[in-house]
Amino acid sequence: MDIKSIYNELYQNGFLSTSIDYDEFIAGFTDYTHISTLRKDLIIRDYEVVDVFTFFEEIVDEIPQLSKNEYRNWSLFSLDNTDFLVVNQFDNRFKNFNQWIYFFNDQEDIELLTEIDSPEKFYNKSSSYLNSLPTQFEDNFIDYSYNNVSEPMVVQLLKSHSRGLCRNGEHRAANDFLEKSGNFIKSNNLNKLYQNVEDSYQEFNLYNEIKGKVLHSLEYDDFDSARATLKPNFNNLSEGSYEDIESIIEDAERRYHRSIELNDQAEVEAAQEEVDKVRRAKRANEAMLQSQMRHQEEQQRRALQQQENEIRNQEEAHRRSEQEREQRINNMKTEERALSNKKIENEKKEQLLNKTKNSNLKKFKYNFNYKAKEYNGELDSHHDIDVYGGENEKMLLRLLANKYGFGVEFINRGRNSIQVHRIN
């Protein structure tokens, strides 16, 4: 059931005011949510209708305010058991781009989730922008809707508009349009659109080249030569371009035969006018070729500009690399200074510890004879080596043996006549 049939049914059954015609009826559908409302109204009135998803697909493009056109595109898709509708809308200059995301809820209504007034921020997952939206979106929804829905729809809109410019011979305008409007789509798809323009431009140049040669042959009424120039390029030209040049030859040939049949001066003058038209067409073609040459020069200028930009980018990258290297060197120096300071601090702590240890030492004075030789002097010890017996006595003997290089027999002989007393 299409929208016209729905209107007729409702009108004939008295569900509409007799003063409302069909144009006024569809003018009332200003939002996509109205479509599910219409479906519910039909169900209430016992009409048999399909599911809301299919119902939407069947009638939306019959409503001018909602249908697809050169600036607007819409698409339905399903994700995680939920059906969605995404609508893309450019303004008539392709400068501003908005998007609306709807979903089909459990009550079979089309419900607006949110309006995306900055699709680039939305699909780049700008946290501040996503938080500003009334509905929170999962990353998988954003990725899926961009790759499978939004980006293909925008590519189609840009492709359609750029093709229209190319058909009018405005290839430079098509490139400028893609440069200004293509920042939302993936680079590989943008490159394909640029390539389409380039292919169209090449075909356009071939068309003008062949057309110029054909017009040159027609100046001399050489129709066989004109056809011989055209026919080998049957597969190189588009159908429209080929038929256009073919029609020029046929028109010129008709004019030629007509001029032969003219007998009076008035008819001769008319024939001359036809020849002049061909000459004017040639001049127009020459002017067009000059325009193409200017376009090529502009392309070369832009290529040089791009090279300059790349050089500047490389220089900037080198500058940043040098800055990072200097930063690393400064960081290393900072670390070395920190390690040096740490070492000095540790040395100070060790000196302090040694000083603390030395401050606990006890000083003793000794006097003894060993192997017919007298020995006396001072010793430092933590122990009370002036006490007889036990470990203190053994400590005294070990300290004296170590100081004078005595053997184990000195230690074993015992303290005997060694006199020792503490002096501090």
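Placed above this text is the structure.
Presented here is an overview of the structure given in this document. (Residues numbered from 1 in each chain as written. Predicted model: local features only at pLDDT ≥ 70, side-chain atom pairs only at ≥ 80, totals over all residues. Heavy atoms only, no water.)

1. Details of the overall build of the protein
Then comes step 1: Helix and strand counts for the protein come out as 14 helices and seven strands.
Then comes step 2: For a compact globule of 424 residues, the expected C-alpha radius of gyration is about 22 Å, and the protein comes in at 49 Å, more than 25% above that figure.
Then comes step 3: Viewed in the frame of its principal axes, the protein has a C-alpha envelope of about 165 × 70 × 30 Å.
Then comes step 4: Each of the 424 residues in the protein was classed as buried or not, and the buried ones make up 34%. (Helix = DSSP H or I, 4+ residues; strand = E, 2+ residues; numbered from the N terminus. Rg over C-alpha atoms; globule rule 2.2 N^0.38 Å. Buried < 20%, exposed > 50% of the residue type's maximum accessible area, 1.4 Å probe, protein only.)

2. Concerning the packing of aromatic side chains
Then comes step 1: Considering all chains together, one arrives at 26 aromatic pairs under this definition.
Then comes step 2: With centroids separated by 5.4 Å and ring planes inclined at 80°, the aromatic side chains of Phe25 and Phe29 adopt a geometry described as edge-to-face. By the burial criterion, Phe25 is buried, and Phe29 matches it.
Then comes step 3: Summarising the aromatic geometry, the rings of Tyr370 and Phe406 are spaced 4.8 Å apart at their centres and angled 55° between planes, so their arrangement reads as tilted. (Phe/Tyr/Trp six-rings, centres within 6.5 Å; stacked < 30°, edge-to-face > 60°.)

3. As for the nonpolar core
Looking at soluble globular proteins, one finds that nonpolar side chains tend to be buried together.
Then comes step 1: Counting residues in hydrophobic clusters, the biggest one holds 37 residues, and the most contacted among them are Phe90, Ile101, Phe122, Phe137, Leu158 and Ile185.
Then comes step 2: Residue contributions to this core peak at 11 residues, all from helix α7 (residues 139-167).
Then comes step 3: Look past the residues within four positions of Phe137 in its chain and what remains in contact with it is Ile101, Leu113, Thr114, Phe122 and Ile142.
Then comes step 4: Among the nonpolar cores identified, the runner-up in size contains 29 residues, and Leu10, Phe25, Tyr32 and Val52 belong to it. (Core = buried A, V, L, I, M, F, W, Y, C linked by side-chain atoms within 4.5 Å. Contact = heavy atoms within 4.5 Å.)

4. A word on the pattern of salt bridges
Then comes step 1: Per the counting criterion, the structure on display carries 19 salt bridges.
Then comes step 2: For the salt bridge of Arg39 with Glu108, the shortest nitrogen-to-oxygen distance reads 3.0 Å. Residue Arg39 is found in helix α3 (residues 33-44), and its partner Glu108 is found in the loop between β3 (97-104) and β4 (110-116); the two are separated by 69 residues along the sequence.
Then comes step 3: Arg39 gets classed as buried once you look at its relative accessible area, which sits at 5%.
Then comes step 4: Judged by its relative accessible area of 35%, Glu108 falls in the partly exposed class.
Then comes step 5: Taking the shortest distance from any N to any O, the salt bridge between Lys362 and Asp384 comes out at 2.9 Å. One end of the pair, Lys362, is in strand β5 (residues 362-369); the other, Asp384, is in the loop between β6 (374-381) and α13 (390-404), and 22 residues separate them in sequence.
Then comes step 6: When salt bridges that share partners are traced, they join Arg172, Glu298 and Arg301 into one network. (Salt bridge = Lys/Arg side-chain N within 4 Å of Asp/Glu carboxyl O.)

5. Points about α3
Then comes step 1: Here α3 contains 12 residues, and its C-alpha end-to-end distance of 17 Å stays within 8% of the 16 Å for a straight helix at 1.5 Å per residue.
Then comes step 2: By the burial criterion, the buried members of α3 are Ile35, Ser36, Leu38, Arg39 and Leu42. Seen from one end, α3 has its buried residues packed into an arc of 155°, which puts them on one side.
Then comes step 3: Close packing links the buried residues of α3 with α1 (3-12), α2 (22-27), α4 (52-59) and β4.
Then comes step 4: Looking one or two residues beyond α3, the residue adopting positive phi is Asp46, at roughly 65°. (Expected span 1.5 Å × (residues − 1). Arc of directions from axis to C-beta.)

6. Some thoughts on the pairing of β5
A regular strand places its side chains on the two faces of the sheet in alternate fashion.
Then comes step 1: Of the two faces of β5, only the one carrying Lys362, Phe364, Tyr366 and Phe368 is buried; Lys363, Lys365, Asn367 and Asn369 on the other face are not.
Then comes step 2: Direction of pairing for β5 relative to β6: antiparallel, over a ladder of eight bridges. Counted as the bridge partner of Asn367 is Asn376 from β6.
Then comes step 3: Following β5, the chain reverses through four residues before pairing antiparallel with β6; Lys371 in that reversal takes a positive phi of roughly 55°.
Then comes step 4: The sheet contact formed by β5 and strand β7 (residues 419-422) spans four bridges and is antiparallel. Paired with Asn367 across the bridge in β7 is Gln419. (Pairing = 2+ DSSP bridges.)

7. Describing the side chain of Ser381
Then comes step 1: Its place among the elements puts Ser381 in strand β6.
Then comes step 2: A relative accessible area of 5% means that Ser381 is categorised as buried.
Then comes step 3: Of the polar contacts made by the side chain of Ser381, one reaches the backbone nitrogen of His383; its length is 3.0 Å.
Then comes step 4: Leaving out residues up to four positions away in the same chain, Ser381 has contacts with Leu361, Lys362, Phe364, Met395 and Leu399. (Polar contact = N/O pair within 3.5 Å; in protein donor to acceptor, adjacent residues only side chain to side chain.)

8. Thoughts on the environment of Gly377
Then comes step 1: Along the polypeptide, Gly377 turns up in strand β6.
Then comes step 2: The buried category is assigned to Gly377, whose relative accessible area is 18%.
Then comes step 3: Counting along the chain gives 23 residues from Gly377 to Leu400, while the straight-line C-alpha distance between them is 9.9 Å.
Then comes step 4: Contacts of Gly377, omitting those with residues within four sequence positions, involve Phe364, Lys365 and Tyr366.

9. Things to note about the sheet that holds β3
Then comes step 1: Across the sheet, which stays open at both edges, the four strands sit in the order β1-β2-β3-β4 with antiparallel pairing between neighbours. Of all strands in the sheet, those bounded by a partner on one side alone are β1 (72-79) and β4. Sheet twist, expressed as the average angle between the axes of neighbouring strands with direction ignored, equals 20°.
Then comes step 2: Set on the sheet, α4 makes contact with β1, β2 (82-90), β3 and β4; between it and β1 the angle comes to about 160°. (Axes fitted to C-alpha atoms, helices over the stretch in contact; angles between N-to-C directions.)

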